Structure formats: structure tokens, C-alpha cells
Amino acid sequence: MADKKRKYEDFSRKNEGNQSNLTGKRISNLPSKGVKGKKEGPKVNNGVFTYAGSLTVSQLADQLQISPADIIKYLFMQGKMVTINASLDDELIGEVCLEYGYDFKKEKIVEAENFEELEIEDDEKDLKERPPVVTIMGHVDHGKTTLIDTIRNSNIAAGEVGAITQAIGAYQKEYNGKKITFIDTPGHEAFTAMRSRGASVTDIVVLVVAADDGVMPQTREAIDHAKAANVQMIVAVNKIDVPGANPQHVKDQLMALNIIPEEYGGDTIFCEISAKKNIGIDNLLENILLKSEMLELKANPKRYALGTVLEAKLDRGEGPKATLLVQNGTLKSSDYVVVGTIYGKVRRMTNEYKKTLKVAPPSTPVSIIGLSDVPSAGDSFMAFPTEKEAKDIASKRAQAKNEREMRSSSGMSLDDLYNRIHEGEVQNINVIIKADVAGSAEAVAESLRKLKVDGVNINIIRSSAGAITESDILLASASNAIIYGFNVRPNANVRAKADEEKVEIRTHRIIYALIEEIEAAMKGLLKPTLVESVSGQAEVRQIWKVSKVGTIAGCMVTSGTLTRGQKCRILRDGIIVYEGEIQSMKHGKEDAKETRTNFECGLTITNFNDIHEGDLIEGYEMVEKAGK
């Protein structure tokens, strides 16, 4: 059957007069402005009859320019009775076409709201060279983020919890006059989905393997992602400077996985580097540019932008914030965009250095604000000419996605879960996940879905970015769910609502601990010995900066009691920004040991001065609890 592509005109910027083409799939119900569609309906071209949807005998006859009576007569001779208004299925349409000497092809109609399904083909004259998108992949602690730091002269790795990357980062580097876009993906096995997303938007994968550690489980997984995405690979054998380094052993291991170095007749470039000591980095960058030239990477900067969400979060000062990778077209700071199921106008667009940008050409990672809500990492986005079009399409996408039913019951704790598993009552564990960024929420959800315990299943009711809210508590109560917070904390009102609805909230900062805890609960082995007890919360009303002392926070204790010397957290819009201890506390000029609800105090936090007005200070302690 013929496979000739049918072209349709795409969105074009009016001021540039460009008309690019979409191929392979026909668009239905596209926005009226900024879109020029060819006349709808089937046609014959070079002996191929192309159609979409169902056709009647009359419509088929009109398109093939033959008599309806001839079609009816032919089908009658084949034992099929039809009338002029009868609808024909694909098989009958094919039979008629072949009888009259035509090949045939059915095109899928792509609704405007399903823009990620569009297959794009640009005119050659509109295509320009674009930077390569390079994803850094590999096993945890093999030096991926350190490599990025060395390339950018930054210090990202030092600020990561547990010394592992738990979100996708995107950066650009200019080398020898050409830009390279880098995507840093997490290495821990919990972040499989994030690594997979990194491979799906990339041109070249740099596989980082530690010379002293060799091929590990996530190394193999990264190779599988790269092969599945059909992208070029460069192997960076890192840590060649450390004792026990054996680059040849790494090559032997990878050759066993069919990754053959060029020196042995293969097509994979191997670069020996030390990210920590900046050895071999220039050679790696040169090979990336060489691979890029061989791939002849091009895009059309004149079309409306489309691409992928790498990361998203709710920022207290700026609202919903998303990191986008522009894959084709140019994103402008005033464009209207549909991102997943939400829409907005790009109010401000910044690069990784927080520099404001007016335009973002292909292969550029940018952070934008102006969206109506927080999108999900991995969502597709596309720019549209008007707000109405963006809003209408986002609404249709949301309706198609958000069809959930809430079951009415009451909340449940992990201790209840322990008892009910042993009593044989529980088959499904309902969980709500809230995290500081969307990628982490997704990673936690994927990790929990992978847990396998006979007779027990995990059902993710909600997985999203942002602070734990009262609506989460109500959903948990209605669906008999446990809430897991990853790098987020509930405020006093939310915690009170949880107590009222008998909903348990479990919070973690390291994903290993979260997974181990719920796995233990699934196995009926939950035997807590230390339980966190929140003693109180205070709101920062005023701050003073004093030399030799640091930042003093003037606070009002809104619930419970805060005590000098106890452990505490600083929460900003529900997100944990620091954990430490209350160093000092005063009532007026007098030292104080504790402050109770509705009383004011001034306090300082050990080794932390970046306190803002409106922050919450939460005091807590670990209390021993008898095991079951």
C-alpha cells in the first residue's frame, strides 16, 4: 500500500510570512487564526486515493469521478448489497479502489488539541543549523553532575540532597563558537522515567561510566534508553585519576553489551576524562561537535515553537514555573502556549543563569512563568497565535485527561495498613504524592508502582508538584489514601485538617527512605521505633540583620511550642529550604528557652541567614514509639 506523505500547511508567524508543512497526518479543527489548511476531503494523486474517516457510496464515486451506479453494481456482483447513501468501511473502499486501478491510503485525522501527534516536515530553505541536545546519563555517583559543573564552571552538585541529582537540569555551553545544550538526568534507579524522557528529547547521549566502578545497573538502563530512542552515544570514562581506575575494563564490559569503541572497528567514541580535575573535557566537547556535524541537525526557527517540559514547579514569588526545551520553532516572550493541559502567556523567559530572554530558538532550554497551573514534566507544549485558541485547546486536553472518580471512605494510617494487611483486608493501597518539582513526583510514583508484594497493589491517586494542601487532605479522606510528601511539608492548618479527617501524612527528603518505608508496610513489617513529632510552627513577621550575629527572625508562634536548641525546618510556600536547629531565642532582650502559641519571639537558626518574611519555622523532635 502506498505510503506517500500528504502535506498540510502549519502555523506560521504572520510577520514572517513563512508557511511550513505537516505531513503524514491530517489536522482537524485547527485554530482559525495563524493556520491555513488545504481544502479538506479525499483526493487522487499519482494514482493513490487518499481519504480520512468514513465515506458513503456517493462520496467515494464523486472523489474517484465514477458513477455511483457502477460502484453499487460492482459490490452487488461481489455479494454485497449497498445503496447510494450507504457508508463503506475501509475494506470495501479498498476493494473499489483496486477494481478501478487506484492504490489507496487512509490518513488519521489529528485534532488540534492532539498537537504532539503531528509529524512535521519543513521546507528545506527554512531549515537552519541548531545546537545539539546532549543528555548526560549513567549510574548514580559516576560523576554526571560534576561533569556538567566542570563544563559550566559551576557547583551544582554541592547543593544536592543526598549528593544525587533528583531533578532534570538543562544548560547551554558555547565551545569553539558553537552552542551545545546539555541535559543532566538523575542516576538513581527511582528516576527511570526522567532518564527516559531525557533520551526522548536528545540527539546525543554521553554515557558516563566511572573507571573505578565499571558498568552498573543504571549504566545498562541508560544504554537501553539510548538505543530505544535511536540516538548517537559517546562514552565518557570518568574518574581516570582515582586509585583503582581501569578504563580498559570499562571498554571490555561495554563491548560485551555491543558498545564497540572506534579503535576496535565500532562506531562509538570513547573519551577518557576526569570531571573533577578537568582532564579530557576539551576532547569530549570536540567529539560532541563532531557528532553533531555528522548528524546535520536542523530546525525551522520561523514557526511557532513546540517542544517538551523538562521540569516544573510552583514558585512562591513567581507562581507556576516550567523548564521547557524548544525543539522546533522559536518561542517568544509574548507567545501564548499550551503546555500539557494548561495554557498561559509567556510573561518572562529566562535561561539557566536567570538572564531574561526575548526569544528562544530551537534547542534552547528556558524557564518560563505565566502559566495558569503547574504542568507535568514530560508534557508537550506548543505556541499559538491567540489566547482564545490556546485556552480552547487546553480546555479540550484537560477534559480528555481529567475523568476521575473519588471513592468515599475515611483516611488510613500506615499502622492501620499494617493491621489490615495481616487481617487480609487490604488489596489496594491508595497514595497521594506531593513533591517540590513535578519530575520528583513522577519519579516517586514510578518507584512505588514498581514495588511488588503478593496480594497488595499501590494505586497512585494523585501525583503533582506543590505544597500539601487542604484539597489533598479531602481527596485522601475520600479515597482512603496516605499522603507522601517529598521535599514538601504541610502547614499547621493543613496538619490540623489531616488530624480531623484522620489522614496520615508521611514526609521524606531522600527517596530511598520513602520507598523502603512503604515497601515494609506492604509486607506487613512496619515496626516504627522513631516517630517524628512536630512541636510547633512559627511565622516570620520581621527580620533584622545584625553583624556578628546574622539574621534574626521576629516570629509569632502560630501553633504548639518552639524550644531553643531543637531541630527545625524552614518552609517557604510549603517547600523545605533548610533543616537545622534553633540556635538562640529571646523574648524582648531576655533569653528564652521556649515560646508558646500566640507569643512572639526573636530567634536565629544555626548556620542559616537566608530567612524571608512569611517563612514558616517548624520545630520537631524524634520520639521513640514501641514497635508492634
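Scope of this entry: the structure provided in the associated data block.

How each quantity is defined
- Residues numbered from 1 in each chain as written.
- Predicted model: local features only at pLDDT ≥ 70, side-chain atom pairs only at ≥ 80, totals over all residues.
- Heavy atoms only, no water.
- Helix = DSSP H or I, 4+ residues; strand = E, 2+ residues; numbered from the N terminus.
- Buried < 20%, exposed > 50% of the residue type's maximum accessible area, 1.4 Å probe, protein only.
- Contact = heavy atoms within 4.5 Å.
- Areas by Shrake-Rupley, 256 points an atom, 1.4 Å probe, with all protein chains shown as cover.
- Pairing = 2+ DSSP bridges.
- Axes fitted to C-alpha atoms, helices over the stretch in contact; angles between N-to-C directions.
- Salt bridge = Lys/Arg side-chain N within 4 Å of Asp/Glu carboxyl O.
- Core = buried A, V, L, I, M, F, W, Y, C linked by side-chain atoms within 4.5 Å.
- Polar contact = N/O pair within 3.5 Å; in protein donor to acceptor, adjacent residues only side chain to side chain.
- Parallel < 35°, antiparallel > 145°, perpendicular 65-115°, else oblique.
- Nonpolar A, V, L, I, M, F, W, Y, C, P; charged D, E, K, R; others polar.
- Phe/Tyr/Trp six-rings, centres within 6.5 Å; stacked < 30°, edge-to-face > 60°.
- Expected span 1.5 Å × (residues − 1).
- Left-handed = near helix turned anticlockwise from the far one by under 90°.

## Considerations on the overall build of the protein
Looking only at helices and strands, the protein features 14 helices and 38 strands. The buried share of the protein, reckoned over its 628 residues, is 52%. Of all intrachain contacts in the protein linking residues separated by at least 6 positions in sequence, the fraction that spans at least 24 positions is 71%. With an accessible surface of roughly 29,300 Å², the protein has 45% of that area assigned to carbon and sulfur atoms.

## Some points on the sheet that holds strand β30 (residues 505-508)
Strand order in this open sheet of four strands is β28-β27-β29-β30, and the pairing throughout is parallel. A single partner strand is all that each edge strand has here, and the edge strands are β28 (457-465) and β30. Averaged over all pairs of adjacent strands, the angle between strand axes in this sheet comes to 25 degrees, irrespective of strand direction. As defined by bridge partners, strand β29 (residues 481-486) adjoins β30 across four bridges and the pair is classed as parallel. Looking across to β30, one finds that Phe-486 is bridged to His-508. Across the face of the sheet, helix α11 (residues 438-450) comes into contact with β27 (428-435), β28 and β29 while running at roughly 180 degrees to β28.

## Here's the deal with the pattern of salt bridges
Using the criterion set out here, one finds 26 salt bridges in the structure. Residues Glu-129 and Lys-178 are paired through a salt bridge, measuring 3.8 Å at the closest nitrogen-oxygen approach. Within this pair, whereas Glu-129 is found in strand β11 (residues 128-129), its partner Lys-178 is found in strand β14 (residues 178-184), the two being separated by 49 residues in sequence. When the shortest N-O distance is used, the salt bridge between Arg-449 and Glu-446 registers 2.8 Å. Of this pair, Arg-449 and Glu-446 are both found in helix α11, three residues apart, which corresponds to roughly one turn of the helix. A network of salt bridges, in which partner residues are shared, links Arg-489, Arg-495, Arg-509, Arg-569, Glu-579 and Glu-618.

## Considerations on the nonpolar core
With 24 residues, the main nonpolar core has Leu-324, Leu-331, Val-337, Met-349, Val-366 and Ile-368 as its most contacted residues. When residues of this core are traced back to their parent elements, those giving at least two are β19 (306-315), β20 (319-328), β22 (336-339), β23 (342-350), β25 (365-371) and β26 (380-384).

## Considering the side chain of Asp-203
Tracing the sequence through the fold places Asp-203 in the loop between α5 (192-200) and β15 (204-210). Polar contacts involving the side chain of Asp-203 include one to the main-chain amide nitrogen of Val-133, which spans 2.8 Å. Leaving out residues up to four positions away in the same chain, Asp-203 has contacts with Arg-130, Pro-131, Pro-132, Val-133, Val-231, Gln-232, Leu-295 and Leu-297.

## Let's talk about the environment of Thr-268
Looking at the secondary structure, you find Thr-268 in the loop between α7 (247-256) and β17 (269-272). Thr-268 gets classed as buried once you look at its relative accessible area, which sits at 7%. For the pair Thr-268 and Gln-232, spaced 36 residues apart in sequence, the C-alpha separation works out to 8.2 Å.

## Topic: unusual backbone geometry
Residue Asn-176 is not a glycine yet carries a positive backbone phi of 50 degrees. Here Asn-176 lies in the loop between β13 (169-175) and β14. Residue Asn-176 is classed as exposed on the basis of its relative accessible area, which comes to 60%. The phi dihedral of Asn-258 is positive, around 70 degrees, even though this residue is not glycine. Its location among the elements puts Asn-258 in the loop between α7 and β17. With a relative accessible area of 58%, Asn-258 lands in the exposed category.

## What to know about the sheet that holds β22
Strand order around the closed barrel formed by six strands is β19-β20-β25-β23-β22-β26, with antiparallel pairing between neighbours. Each adjacent strand pair in this sheet contributes to an overall mean axis angle of 45 degrees, direction not counted. Here five bridges tie β20 to β25, and the two strands are oriented antiparallel to one another. Bridge pairing links Leu-324 to Val-366 in β25. This element, helix α9 (residues 387-401), spans β22, β23 and β26 of the sheet and lies at about 10 degrees to β22.

## Regarding the packing of helix α4 (residues 144-152) against helix α8 (residues 281-295)
Packed helices, taken two at a time, are described by their axes: the angle between them and the distance between them. Orientation of α4 relative to α8, taken along the N-to-C sense of each, is 90 degrees, at an axis distance of 11 Å. Judged on the interaxial angle alone, α8 and α4 are roughly perpendicular. Residues Leu-147, Thr-150 and Ile-151 of α4 form the contact with α8, whose own contacting residues are Ile-281, Leu-284 and Leu-285. Classifying every residue of the contact of α4 with α8 by side-chain character gives five nonpolar, one polar and no charged.

## Concerning the packing of aromatic side chains
One pass over the full model with this rule turns up two aromatic pairs. Centroid distance Phe-49 to Tyr-51: 5.7 Å. Interplanar angle 15 degrees. Geometry classified as stacked. Between Tyr-578 and Phe-608 the ring centres are 4.4 Å apart and the planes differ by 10 degrees, which places this aromatic pair in the stacked class. With Tyr-578 in strand β34 (residues 575-587) and Phe-608 in the loop between β37 (600-605) and β38 (616-624), this residue pair connects regions lying 30 residues apart in the sequence. Judged by its relative accessible area of 12%, Phe-608 is buried.

## What to know about helix α6 (residues 217-229)
Residues lying three or four places apart along an α-helix face the same way, a consequence of the helix completing one turn every 3.6 residues. An ideal rise of 1.5 Å per residue puts 18 Å on 13 residues; α6 measures up with 19 Å between its terminal C-alpha atoms. A positive phi of about 55 degrees marks Asn-230, the residue just after α6.

## Considerations on the packing of helix α12 (residues 470-479) against helix α13 (residues 492-501)
The interhelical angle for the contact between α12 and α13, taken along N-to-C directions, is 15 degrees, at an axis separation of 9 Å. Here α13 runs roughly parallel to α12, going by the angle between their axes. α12 and α13 meet at a crossing whose hand is right-handed. Residue-level inspection shows Glu-470, Ile-473, Leu-474 and Ser-477 of α12 in contact with α13, the latter providing Asn-493, Val-494, Lys-497, Ala-498 and Glu-501. In terms of residue class, the contact of α12 with α13 is made up of four nonpolar, two polar and three charged.

## With respect to the pairing of β25
Of all seven residues in β25, six are buried, a share of seventy percent or more. Here β23 pairs with β25 via four bridges, running antiparallel. Paired with Arg-348 across the bridge in β25 is Ile-369.

## Section: α11
For α11, with 13 residues, the first-to-last C-alpha span of 19 Å sits near the 18 Å given by 1.5 Å per residue. Residues of α11 that are buried include every one of Ala-438, Gly-439, Ser-440, Ala-441, Ala-443, Val-444, Ala-445, Ser-447 and Leu-448, and no others.

## Overview of the environment of Thr-386
Here Thr-386 lies in the loop between β26 and α9. Expressed as a C-alpha distance, the spacing of Thr-386 and Tyr-336, which sit 50 residues apart in the sequence, is 6.3 Å.

Interpretation in functional terms is not warranted from these geometric data alone.
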